[in-house]
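# Fold and contact review
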Amino acid sequence: MTVTMTAVALKTLTLLLGGSITFYSLRAYRRAGSSALRALTIGFGTVTVGALVAGVVDQFSPLDPSVALVVESLFTTVGFAVILYSLYVD
């Protein structure tokens, strides 16, 4: 298996797992109506969408592959900041 195939497989798993976490946190938010759960859902969704966008940039864009790394890092940073915020919201 090549490095590219391995990266695509791992990115697919990331999307499936991140999508599942986002889905279940959204269900919990709808059930409880908690602003903390809403922020948690947004944070996990941001990290997951970042993985998707980075994969698209890497595979289908003429840009340098390092741009995909920067894009993913940006989404991950913002997502984790929102997740951290969700721990402090009442």
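To keep things clear, this report deals only with the structure shown in the data block. (Residues numbered from 1 in each chain as written. Predicted model: local features only at pLDDT ≥ 70, side-chain atom pairs only at ≥ 80, totals over all residues. Heavy atoms only, no water.)

### Describing the pattern of salt bridges
Heads up, the rule is: A pairing counts as a salt bridge when a side-chain nitrogen of Lys or Arg comes within 4 Å of a carboxyl oxygen of Asp or Glu. Under the scheme used here, helices are H or I runs from DSSP no shorter than 4 residues and strands are E runs no shorter than 2 residues, and both carry numbers assigned from the N terminus.
This model, assessed by the stated rule, comprises one salt bridge. Linking glutamate 72 and lysine 11 is a salt bridge whose minimum nitrogen-to-oxygen distance equals 2.8 Å. Linking glutamate 72 in helix 3 (residues 65-86) with lysine 11 in helix 1 (residues 3-32), this pair joins segments that are 61 residues apart in sequence.

### Remarks on a nonpolar patch on the surface
Basically, it comes down to this: Patch criteria: residues need more than 30% relative accessible area and no salt bridge. Like-charged residues are merged within 9 Å; nonpolar side chains of Val, Leu, Ile, Met, Phe, Trp and Tyr are merged within 5 Å. Note that accessible areas follow from Shrake-Rupley with a 1.4 Å probe, and for residues the cover is restricted to the protein chains shown. Exposure categories follow from relative accessible area, calculated using a 1.4 Å probe and restricted to protein chains: below 20% of the type maximum is buried, above 50% is exposed, and the middle band is partly exposed.
A cluster of nonpolar side chains, namely Leu10, Leu13, Leu16 and Leu17, defines an oily patch on the protein surface of about 420 Å² accessible area. Locating leucine 16 in the fold gives a position in helix 1. The exposed category is assigned to leucine 16, whose relative accessible area is 55%.

### Some details on helix 1
For clarity, the threshold we go by: Expected span of a helix: the number of residues minus one, times 1.5 Å. The criterion used for residue contact is that any of the two residues' heavy atoms lie within 4.5 Å.
The terminal C-alpha atoms of helix 1 lie 43 Å apart, and with 30 residues this matches the ideal 44 Å at 1.5 Å per residue to within 8%. Considered for burial, the residues of helix 1 that qualify are Gly18, Thr22, Ser25 and Ala28. Tucked inside the fold, the buried residues of helix 1 contact helix 2 (35-60). Positive phi appears at glycine 33, one or two residues downstream of helix 1, with a value of about 70°.

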